[in-house]
Amino acid sequence: MWGGRYAAGPAEIMERINASIDFDQRLYAQDIAGSKAHCRMLVEQDIIAAADGDAILSGLDSILQDIESGSFDFKTALEDIHMNVEAALAEKIGEPAGRLHTGRSRNDQVATDFRLWTRDAIDTIDGQLQDLQRALIETAEQHAETVMPGFTHLQPAQPVTFGHHLLAYVEMVGRDRGRFADARGRVNESPLGAAALAGTAFPIDRHATAAALGFDRPMANSLDAVSARDFTLEFLAAGSIAATHLSRLAEEIVIWASPQFGFVKLSDAFSTGSSIMPQKRNPDAAELARAKVGRILGAFTALSVVMKGLPLAYGKDMQEDKEPTFDATDSLSLAIAAMAGMVDDLEANPDAMRAALDAGFPTATDLADWLVRELGLPFRDAHHATGRIVSMAEEQDCLLEDLSLEAMQSVEAGITDSIYSVLSVDASAKSRTSFGGTAPENVRAAAAQARERFL
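Residues numbered from 1 in each chain as written. Predicted model: local features only at pLDDT ≥ 70, side-chain atom pairs only at ≥ 80, totals over all residues. Heavy atoms only, no water.

Caption draft 1: Expanded view of the side chain of R229. Inspection of the secondary structure assignment puts R229 in the loop between α9 (222-227) and α10 (230-257). Among residues more than four places away in sequence, those in contact with R229 are V110, A111, F114, M307, Y314, M318 and D321. (Helix = DSSP H or I, 4+ residues; strand = E, 2+ residues; numbered from the N terminus. Contact = heavy atoms within 4.5 Å.)

Caption draft 2: Looking closely at the pattern of salt bridges. For the coordinates displayed, the defined rule picks out 26 salt bridges. Across the pair K36 and D61 runs a salt bridge, and its minimum N-O distance is 2.7 Å. On the criterion of sequence distance, the pair formed by K36 in helix α3 (residues 28-44) and D61 in helix α4 (residues 50-69) is long-range, its members being 25 residues apart. K36 sits in the buried class, given a relative accessible area of 17%. R451 is paired through a salt bridge with E141; the nearest N and O atoms lie 2.9 Å apart. Residue R451 is found in helix α18 (residues 440-454), and its partner E141 is found in helix α6 (residues 106-142); the two are separated by 310 residues along the sequence. On the accessibility criterion, E141 (35% relative accessible area) is partly exposed. If you follow the salt bridges from partner to partner, you end up with D52, E95 and R99 in one network. (Salt bridge = Lys/Arg side-chain N within 4 Å of Asp/Glu carboxyl O. Buried < 20%, exposed > 50% of the residue type's maximum accessible area, 1.4 Å probe, protein only.)

Caption draft 3: Broad picture of unusual backbone geometry. A cis amide bond, omega 10°, links L312 with the succeeding residue A313. Assignment of secondary structure puts A313 in the loop between α11 (284-307) and α12 (322-345). In this structure, E79 is a non-glycine residue whose phi angle is positive, near 75°. Inspection of the secondary structure assignment puts E79 in the loop between α4 and α5 (81-93). Within the chain, A195 stands out as a residue other than glycine whose phi angle is a positive 60°. Structurally, A195 can be placed in the loop between β3 (189-190) and α8 (206-212). For A195, a relative accessible area of 8% translates into the label buried.

Caption draft 4: Region of the structure containing the side chain of R206. Within the fold, R206 resides in helix α8. Lacking a salt bridge, the buried R206 has D108 as its closest oppositely charged neighbour, with an N-O distance of 6.7 Å. Side-chain polar atoms of R206 contact the backbone oxygen of S190, separated by 2.8 Å. Not counting residues within four places of it along the chain, the set of residues in contact with R206 comprises S190, P191, L192, G193, A194, P218 and M219. (Lys, Arg positive; Asp, Glu negative; His and termini not counted. Polar contact = N/O pair within 3.5 Å; in protein donor to acceptor, adjacent residues only side chain to side chain.)

Caption draft 5: How the structure looks around the environment of N282. The topology assignment puts N282 in the loop between β5 (264-265) and α11. Since its relative accessible area comes to 15%, N282 is described here as buried. Counting along the chain gives 28 residues from N282 to V254, while the straight-line C-alpha distance between them is 8.6 Å. Within the structure, the side chain of N282 is placed 3.4 Å from the backbone oxygen of G273, a separation counted as a polar contact.

Okay, structure coming up:
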């Protein structure tokens, strides 16, 4: 490739460190699409002859078929996907192949390919996240009235419904989709035609190639076009946040599936056994999904470090953008699919959830609210009185609703037997009707609204 300037070939170690074909061959479809758009534009602008253009397009179609059939021979000596395709094109059609690179550089070519690939990845991930939302919504609708402990600090706090808990993740995933959608808008600008860094003297039409490739517009500055990788960083940042949300849900599934909780059961499809302990049912799919955030956040960190000190415009350092991005995308896609599968698969155990509500006095806040609402106590006074009643229930080893009226009146004389109407976990959950609250009627309405917003 460098015969016009260099008399000798590269050292073996130089070839190894310089080549990217082992991983950037994933860009073959985007590279060929970009080349076809560029070729058509060159013909339209009378920069190359129509006959040459036809030969180039036919040759590119043939190469695409070869790659997709598995018969294409990728060569490390040709460094990257761009030169592999260009060399194959020359073998197929001869001299006209050399005209394809008119008015462009590998710098704008790779930036174009990578933006096209990232755009496709965003669209795929968005569809997967929507599938996860669908699974969460459907399960939430089934459990709109299933009460369970809500936790803060992983300590029993207040009764919530299982459906309400799952809908929280629907909202998180909705924000994830919004971040990816925002990133897609900034991804969707075309670098093609920026050439090496300064543009080109050929009368190209960058708006035409941008439109042909589905971009919103060409990038406005040629230096920025070839050197920007913030679109990749933004994609990886959105992926890291999404993976963090998946990890939180995975952690809860791990906890819920443990015998100590027993809130849910995963089938054999999403569980594994032990090589030595035959009784084990391990939630390995959840654990592995939980771990994926490390790889995805690591990719964001790695690329941030690569880019942080680079002057404009292109530097070969930027070749390090693809491997971590590809790995992070694969990891995120697999984790989303696993989480959606587990949500569809899990079998809830309402009895275990209800039994867990016997610990931690989860209706204590309802008692305090009753004192404020019915007796007019300031909340801090009601909080103090409730604390004394809870201590009394602890001493007697009973639930709040099992305390005698006389016992509670010994703390606050104004308490009447209507207090018992708010001390059950079902009453507590049903009372939380404020917007965004856990009441079953809210859950059903929120699930229906989520279907309209997200599905």
